Amino acid sequence: MNAIEHIPTVCPCCGCGCGIELVLKNGEIAGVEPLKSHPVCKGKNCLKGKNAYLYANSEERLTTPLIKKNGKHEACSWDEALDWIAQKLSEADRDAVGFINSGKCTNEDLYLIQKFARIVCKTNNLDNASRFCHSTSVPALLSTVGAGVMPTSTPSIEKADCVLIMGANIQETYPLLAQKVIIARTKGAKIITADLRRTPTVKNLTDLHLQIHPGTDAALINGMMKIILDQGLANTDFIEKRTSGFDELKAYLDTLDLQEIEKITGIKTEQMKDAALSYASAHNACIMFNAGIAQHAGGVETIQTLADMALLTGNYGKPGSGVNPLRGHSNGEGFGDMGTVPVFYPGFQKVNEETAGRFASMWDAADLPAKPGLTYMEMVEKCPFLYIMGANPAMSAPDINALRKAFEKKELVIVQDIFMTETAQMADVVLAGACGAEKDGTQTGVDRRVQRLRKAIAPVGDALPDWQILCRLAEKMGAGEHFAFKTSEEIFEEIRNCVPQYRGITYERLEQAGGIQWPCPDEGHPGTETMFVEKFGTPDGLAHFQAAPYKAPLEPPDDAYPYILTTGRLNFHFHTGSMTRRTERLQNEISEAFAEISPQDSENTGIADGEEVILRSRRGEVKTRARVTPDIKAGQVFLPWHFPQCLANILTGPSAGPPSRMPEFKFSAIQIEKVESDGK
Amino acid sequence: MENNLYLAWSPDATIQGMGSSGGAVTALLRCALENQMVDAVLAVKKRNNSRFDAVPTLITDPELVHETAGAMHFAPLNMVKIIKEYLDGAMDMRVAVTCKPCDARAFIELAKRNQVRRENLFLVGLNCSGTYLPTVAEQMIREAFGENPQDLAGEEVDEGKLIITLKDGSTKEKDLEELVRQGYEMRENCLRCSYKVPRMADIACGKWGNNGKSATFIEICSPKGHEFLDAAAQNGALVMEPATNEQIEKRKQKETEAVENAQAREKQEIEAFKRYSSEERLKYWLGHLSRCIKCFGCRDACPICFCKECYLEPYRGCIPGGETPPDIMFQLIRLSHVADSCVNCGQCQDACPMEIPLTRLYSVLNRELADIFDYKPGVDIDQPPPLTTVTEQELSIDAPDIIGENSSDR
C-alpha cells in the first residue's frame, strides 16, 4: 500500500521564504505543493518554488568527498578528506584561511562555520554573498535607522497605499512580494518603479515608471525630497519627535537644482513631482529596493537617501512602510544574523576585544580573534587557504578571470557543496553536502522570518549536512568539545543564547507555518512584525538624517568602452543556477544567456536579433546572442548572470572601497561587437 | 433499504463526539476499512491541531480514521489531485474519499477520461456551503471575531451566519454579509456554486435536515452507496433512521435557498460581463493575464488537467520557453482544453501568485459552453465532454464556412 506524506518546509530559491510541502510517496519526493496555510505565500508558489528540491535526486549530486589527484577529482572516504584538510589547516598561519559561506545554508550550518573559523583557525576571515548585494545597505541603514534589515512584514505590504520599487524586478525575482504589491494596487495603491529597463515589473505592476539613467538614483531621491520639502509635505511631527540631523539635510537639499537632477537622471521634473507627491501624501508608503540600488559604488549614499525620504515623511514604524532591502537567498537574513561576516560575531555584536571576550566565556574557548577580518574579494586575493561552503564565486564574484588566476595560486581550496559547481571544479578537496530537503534546520527570510526547514529524505550517497561536516573536522583538529552537537536543534539552542534577537524562538514554537519574525526576546513574545514602532536601533533611539550626495559610478563609459552593462536575474533561475539549472522544468524554459540591446544600437552596430555578439570589458569577453528589444535604452546592455556558458561576471570588476567593498555589478563599461558569420 | 434518505449516527459515544453531526462519516469509513471494503481512506487531517492547516491523509488503519474527523471550512484542499497525481488514479487500489461537491464532480470528469477508476472509488460526498482561504479565515477569526485562531474548535455556516465554536465550548456568530463588508469573503468560486449537495458521489452527507439532532443526513446516490451503508448498519457501526417528511422538507428548503443565492451571484457576474463590449472584455482579460509568470500553478492545481506530456511545456515546441508573461496561447490552450469541463473548484485562482481571477474566466466561459452543449460538468458519468467528442449529428454537417461575410480575404 502506498504511503503518502506531506512534509512542510521552506523553498530554497529566494528570500521570500514561501512555504512548500514536499509530497513523499513511499519515502521519495514525488512532488511539491504550495503550503496553503502559509502567511507569506498563502498557497501560491512561483515556478522555482513549484519545482523546489526536485534537484535533490539529480544524477549530478555529489555523493562522496573528492580529492583532486593529478588534475582529476577522485572519490575518497570522509576520513581521508577531513584528515588531509585538518593537517593542512593546522599548518596554516592565523588569518591565512578565508571562510566563504552562503545564504543557501541553514542558520545552524552558518553558526558552526563562524564558530569553527574563530575557535579553530582563530580568524574573523568570514564573508559571503551579502558582500555582493547588501554590503552597502548595512552601513547606510545603520547610519540612519540603526539596523540593516527589512523593517516591514511581507504580508503587511498589502496595506501600503504607495509602493516605490527601486532597482528591483520583483515580478521575476520575488514573485510573492509582487503578489502583495498587486493586492495593494487592487485596493488603489500607486506603484512607482525606478528601473533603467522596462522589466515585467514595470509593464505589469507599475503605474509610474521612472526610466532612470543607471546608478543615478541618489540624485533622483534627493530631488524628490527637495520637492517634498518645497511643497510642505514633510511630516514635521515625526521629524521632531523621532529624528535628528534634519537641518543639515535641509541645508544640503536647498543647494540642489532640479534641472541639474533632470540632466543627471534623465527623469523629467514633472515625473519627479508626480512620484514625490504620491509618496509623500500616502498614509503608508513602502519602499522596496534591491541590487539595482545596492550594487553600486554609490550604493551607501543612495540607500541613505531612501531612508532620509522615508524619515522625512514619517514612513517608518507602521505596517506597510519603511525602506526594505530584499535579501536574495532563502537564508539571506540568517547569514548576517549568524555573524558569518568579518565585522560581527553572532547577533550583530561588533568584532572587538569586548565581544571576543564575551564569546570566549560563552564558548569556553580562549584567545578569540578581536580584529575585523578580510572581506570576500580580499580573501579571494590574499588567503592561501579557502574554505568555501555553499558559495559559487567562480560565477558570482566580479572579474572572474582574475579570480581564476588567484585560485591557481592557492595552497588549498576546499569546496563544500551539493553539486560540482564551477567553483568546486577548481577545488583541491570537494566535500559532499546534504541539501535542504535532507536535513533539519532553520532559515531566515527577508522579513526577519525564522522558519523551520524539515528533513524529508535521507542525504544521497555519503553526503552529510554542512554542520555535521564541520563537527567532524573540528573533532579531527582537537576542538571536538566545542562541536559536540548531535542534532541541529542543539545548535539552535546555542544560537538562541548568543543572538538576542532569536532568544525567544525554539524549534517547538517554529512548528506553526510562517515561523517567527525576530526580534523575539523571550518565549512568550509573538515575534515582531513591524520594527521601529517606538524606537530606532540607534544608541539614542532616534533616526539620523544623512545628507548623501549622488556619487558617480566607478567605470563610466568612454570612447573605448562606450556601452553600460548591467546584470540581473530572470524568473526561471536563481543566482548562479546551481540548483535551478539542474531542475528540468526550469532548464527547459531557458538554458542560455542573451544580451538585451536597444533597436537603435542594433541598427548602429548591424547586430540583428538572435545574432551572435561579443561583449568585452577591460577584464575579459563573453559571447552570446543578442535580444533586440525596446525595453532597454540605447547605450545600455543587460545580461543575466545565471549561465556558465556566458559568465556576465567576466565583464564586471571594480569595487567600492570600505565600508562596503561592494563590486559595482550593475555598471561596467563594455564594447559590443558583431560576430561575423564565418566565425571571425 | 429501499429508501435513500436517512438520518444516521454512530452508536459509539466517542466517535459521536469526535465527528460533526454524530460521527456518521467517521463510523462509515472505519467500518469500510475494518471490513476490507476499501484498501484505504483518503481524508483530511488537521496539522498541529490547526483548523486552518489541513493535510490530505491516506489511512489504512481503521483505528486512525477518527483523527480525520470534523468538516473543515477553512482549509479547502484539492482531494482529486492526490488520487490523480500520487495514487495512479486509484487504478489498482480501492479508496474511500471524502469530497466536497467540486471534488466529486472532478472525479466524475476524470473518470470520463479514464484517468481515475470510478469503480475503485467510494465517493463520500460532503455537503458544502462554501469555504474560506486559510489565511483569510485566520485573520477573520482574529480581527472580526476578536478571538485567538488557535482557540478555534469548530465552525459552521448556517442561515446566513458563520458560527464558530471555541475550545472552551462557547460559540460566537456573525452575519456573513457583515463579514463581507469587513472584507472577509468566501472563496469566489464557492459564492457562485450551486452544487451544495454532491449527488454525483456515492452518498451525500450533511447536516441540513438534521434539525439540531446530532446526526448526519445521508442521501444515498448509488448502488455502491447502498452497499456501504448496509454493511455499516449490519455491523452496528451506524444507526440509521429513514428521514421524516419534516426533515426532508427542511433540507430541501435550505438547499433551495443556498442554490438560489449562488445562482443569483452567478447571474450577476455574467450580466456584468455582458455589459462590456467585446473589446472591453478582451482588454479586461488581457490586462489580468499579462501578469502571468508561468508558474504553472493553475495547471498543476486543476483537477481536470491530467496530461503527462503537457502541451504548454516548452519542449513541446508550442509555447516558447523563458518568456514572462508567456505567449497568450498558454492561457488560450488551457482554456480550450479544460473550459468545457471546469467544475469551478477554484484551486487555480487559489494557486495563482499574480492574483489573476481565473475561476471567473473559466466559469463565465463554461457557463456559455454549458448552455450551447447542454453539458453539466461532473454530474453524469455517461455524458461525454463536448470539446473532445464528435456526435453523429456533427459529423454530418457540411464543412463549415470559416470565411466571414464581410471578409475581403476571398
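Another point: the overall build of chain A. In terms of regular secondary structure, chain A is built from 24 helices and 28 strands. Relative to its length of 680 residues, chain A is compact, with a C-alpha radius of gyration of 24 Å against a globular reference of 26 Å. With the principal axes as the frame, chain A shows a C-alpha extent of 70 × 70 × 60 Å. When the 680 residues of chain A are sorted by exposure, 69% land in the buried category. For chain A, the proportion of contacts with a sequence separation of at least 24, taken over those separated by at least 6, is 73%. Element-wise, carbon and sulfur atoms account for 47% of the exposed surface of chain A, whose accessible area totals about 22100 Å². Computed over 71 positive and 85 negative side-chain charges, the inter-centroid distance for chain A is 2 Å.

Moving on, we come to the overall build of chain B. Secondary structure summary: chain B contains 15 helices and 11 strands in total. The C-alpha atoms of chain B give a radius of gyration of 22 Å, which matches the 22 Å a tight globule of 410 residues would have. Its C-alpha atoms give chain B principal-axis dimensions of roughly 75 × 50 × 40 Å. Residues classed as buried in chain B amount to 54% of the 410 residues present. Partitioning the contacts of chain B with sequence separation of at least 6, the portion at a separation of at least 24 is 68%.

On to the interface of chain B and chain A. Taken residue by residue, the interface counts 46 residues in chain B and 43 residues in chain A. Both sides together, the interface formed by chain B and chain A hides about 3500 Å², and carbon and sulfur atoms give 53% of it. The interface formed by chain B and chain A includes 9 salt bridges. Residue glutamate 33 of chain A is joined to lysine 81 of chain B by a salt bridge in which the shortest nitrogen-to-oxygen separation is 3.0 Å. Put simply, chain B and chain A have 21 residue pairs in polar contact (both at pLDDT 80 or more) between them. Looking at the side of chain B that touches chain A, the elements with two or more residues in it are β3 (54–59), α3 (79–86), α5 (134–143), α11 (297–301) and α13 (347–351) of chain B. Tallying contributions element by element places α13 of chain B first for the side of chain B that touches chain A, with 4 residues.

To continue, consider empty space enclosed by the protein. A complete count under the given rule lists 7 cavities of 30 Å³ or more for this structure. Put simply, the largest cavity is a space of about 660 Å³. Along the wall of the largest cavity there are 49 residues; nearest its centre are Ala291, Gln295, Arg569, Trp641 and Lys666 of chain A. Here the residues of the lining of the largest cavity are counted per class, giving 18 nonpolar, 24 polar and 7 charged. Space inside the second largest cavity adds up to approximately 310 Å³. For the second largest cavity, the lining is made up of 27 residues, of which Glu33, Pro34 and Lys36 of chain A together with Leu77 and Asn78 of chain B are closest to its centre. Of all elements in the fold, only β3 (28–34) of chain A together with β3, α3, α11 and α13 of chain B reach the threshold of two or more residues within the lining of the second largest cavity.

A few words now on the environment of methionine 362 of chain A. All names here are of chain A. Take methionine 362: it is sitting in helix α17 (residues 353–363). Between the C-alpha atom of methionine 362 and that of proline 34, which follows or precedes it by 328 residues, the distance is 40 Å. With sequence-adjacent residues up to four places away left out, methionine 362 is seen in contact with Asn497 and Cys498.

Here the structure, examined in full by the defined rule, presents 77 salt bridges over all chains. A salt bridge links glutamate 21 of chain A to arginine 47 of chain B, with the nearest nitrogen and oxygen atoms 2.6 Å apart. In this pair, glutamate 21 of chain A sits in strand β2 (residues 19–25) while arginine 47 of chain B sits in the loop between β2 (40–46) and β3, so the two residues belong to two different chains. Each member of the pair, glutamate 21 of chain A as well as arginine 47 of chain B, carries the same accessibility label: buried. With its nearest N and O atoms 3.2 Å apart, the salt bridge here joins lysine 439 of chain A to aspartate 466 of chain A. Placement of the pair is lysine 439 of chain A in the loop between β18 (429–432) and β19 (441–445) and aspartate 466 of chain A in helix α21 (residues 466–476), with a sequence separation of 27 residues. Using a relative accessible area of 6% as the deciding quantity, one classes aspartate 466 of chain A as buried. Where salt bridges share partners, they join Glu185, Glu188, Arg192, Arg265, Glu269 and Arg360 of chain B into one cluster.

On to the packing of aromatic side chains. Considering all chains together, one arrives at 30 aromatic pairs over all chains under this definition. On the numbers, 6.0 Å between centres and 50 degrees between planes, the contact of tyrosine 53 of chain A with tyrosine 55 of chain A is tilted. Through pairs of rings, three or more aromatic residues link up here, namely Phe99, Phe116, Tyr387 and Phe483 of chain A. Positioned over the ring face of tyrosine 345 of chain A is arginine 118 of chain A, at 4.2 Å from the centre of the ring. The residue whose ring lies beneath arginine 585 of chain A is phenylalanine 296 of chain B, and the NZ or CZ to ring-centre distance is 4.9 Å.

Residue and element names in this part refer to chain A. Segmentation of chain A into domains returns domain 1 (4–57), domain 2 (66–132 + 330–517), domain 3 (137–326) and domain 4 (563–674). With centres defined by C-alpha atoms, the gap from domain 1 to domain 4 works out at 30 Å. With 7 residues of domain 1 at the interface, the matching set in domain 4 holds 12 residues. Where domain 1 abuts domain 4, roughly 880 Å² becomes buried across the two surfaces, and 70% of that area is made up of carbon and sulfur atoms. If you sort the residues of domain 1 by the area they bury against domain 4, Leu47, Lys48 and Tyr55 come out on top, with a joint share of 60%.

Residues and elements named next belong to chain A. The 5 strands lie next to each other as β10-β9-β8-β12-β13, forming an open sheet whose pairing is parallel. For this open sheet the edge positions go to β10 (208–210) and β13 (323–325), each flanked by a neighbour on one side alone. Within this sheet the neighbouring strands show an average axis-to-axis angle of 15 degrees, counted without direction. Strand contacts of helix α13 (residues 269–281): β8 (162–166), β9 (190–194), β10 and β12 (285–289), with the helix running at about 125 degrees to β10, the strand carrying the most contacts.

The next point concerns the domain arrangement of chain B. Residues and elements named next belong to chain B. The domain boundaries assigned to chain B delineate domain 1 (5–131 + 186–260) and domain 2 (276–395). Here the C-alpha centre of domain 2 lies 28 Å away from the C-alpha centre of domain 1. In this assembly, 24 residues from domain 1 lie in contact with 30 residues from domain 2. Summing both partners gives a buried area of about 2300 Å² for domain 1 against domain 2, and 47% of it is carried by carbon and sulfur. Together, Arg105, Lys112 and Arg113 form the three largest contributors to the area buried by domain 1 at its contact with domain 2, with a combined 24%. At the boundary of domain 1 with domain 2, the tally comes to 2 salt bridges. For arginine 360, the salt bridge is made with glutamate 188, and the minimal N-O distance between the two is 2.9 Å. At the boundary of domain 1 with domain 2, the tally comes to 23 residue pairs in polar contact (both at pLDDT 80 or more).

Residue and element names in this part refer to chain B. Read across the sheet, 3 strands follow the order β6-β7-β8 without closing on themselves; strand pairing throughout is antiparallel. Looking along the sheet, the strands with just one partner apiece sit at the ends: β6 (152–158) and β8 (171–175). Each strand axis lies, on average, 20 degrees off the axis of its neighbour in the sheet, ignoring direction.

Residues and elements named next belong to chain A. For the pair helix α9 (residues 217–230) and α13, interaxial distance at closest approach is 9 Å and the crossing angle is 65 degrees. Considered as vectors, α9 and α13 are oriented roughly perpendicular to each other. For α9 against α13, the interelement crossing comes out right-handed. Residues Leu220, Gly223, Met224, Ile227 and Ile228 of α9 form the contact with α13, whose own contacting residues are Met272, Lys273, Ala275, Ala276, Tyr279 and Ala280. Here the contact of α9 with α13 is built from residues that sort into 9 nonpolar, 1 polar and 1 charged.

Reading the values: the criteria
- Every chain is numbered on its own, with residues counted from 1 as its sequence reads.
- Chain A is the first chain written and ligand 1 is the first ligand written, with later ones labelled in order.
- Totals for whole chains, interfaces and linings use all residues, but because this is a predicted model, local features are given only for residues with pLDDT of at least 70 and pairs of side-chain atoms are given and counted only at 80 or more.
- Where side-chain values are given, they derive from all heavy atoms of the structure, hydrogens and water being excluded.
- The way it works is that DSSP assigns letters per residue, a run of H or I at least four long becomes a helix, a run of E at least two long becomes a strand, and they are numbered from the N terminus.
- Atoms considered for the radius of gyration are the C-alpha atoms alone. The globule rule reads 2.2 Å times the number of residues to the power 0.38.
- Exposure categories follow from relative accessible area, calculated using a 1.4 Å probe and restricted to protein chains: below 20% of the type maximum is buried, above 50% is exposed, and the middle band is partly exposed.
- When checking whether two residues touch, look at their non-hydrogen atoms; a contact exists if any pair is within 4.5 Å.
- Using a 1.4 Å probe, the Shrake-Rupley method yields the accessible areas, and only the shown protein chains count as cover for residues.
- Within this scheme the basic residues Lys and Arg register as positive and the acidic residues Asp and Glu register as negative, but His and the chain ends are omitted.
- A charged residue contributes its charge at one atom only: NZ of Lys, CZ of Arg, CG of Asp or CD of Glu.
- By buried area we mean how much accessible surface two parts lose on assembly, using a 1.4 Å probe and totalling the loss over both.
- Salt bridge, as used here, is a side-chain nitrogen of Lys or Arg placed within 4 Å of a carboxyl oxygen of Asp or Glu.
- Whenever a nitrogen or oxygen atom comes within 3.5 Å of another N or O atom, the pair is scored as a polar contact, on the condition that within protein one atom can donate a hydrogen and the other can accept it, and that pairs from neighbouring residues in sequence are kept only if both atoms are in side chains.
- As defined here, a cavity is a set of points on a 1 Å grid over the protein atoms alone where a 1.4 Å probe fits but cannot get out. A pocket is an open set with protein on both sides within 12 Å along at least five of seven lines, and residues line them when an atom is within 4 Å of a point.
- Grid points are joined across faces, edges and corners, and a volume is the space filled by probe spheres set on the points.
- Here the nonpolar group is Ala, Val, Leu, Ile, Met, Phe, Trp, Tyr, Cys and Pro; Asp, Glu, Lys and Arg are the charged ones; every other residue, Gly included, is treated as polar.
- Ring geometry is summarised as follows: Phe, Tyr and Trp rings, the Trp one being its six-membered ring, pair when their centres sit within 6.5 Å, and such pairs are stacked at plane angles under 30 degrees, edge-to-face over 60 and tilted between the two.
- The rule for a charge over a ring is simple: NZ of Lys or CZ of Arg within 6 Å of the ring centre, and within 35 degrees of the ring normal.
- Source of the domain bounds: an automatic or database domain assignment.
- Any two strands are treated as partners once DSSP identifies two or more bridges connecting them.
- Every axis corresponds to a line fitted to the C-alpha atoms, with the helix fit spanning only the stretch in contact, and the corresponding angles, defined between N-to-C directions, vary from 0 to 180 degrees.
- Each angle gets one of four labels, with under 35 degrees taken as roughly parallel, over 145 as roughly antiparallel, 65 to 115 as roughly perpendicular, and the rest as oblique.
- Two helices crossing with the near one rotated counterclockwise from the far one by less than a right angle form a left-handed crossing, whereas a clockwise rotation gives a right-handed crossing.

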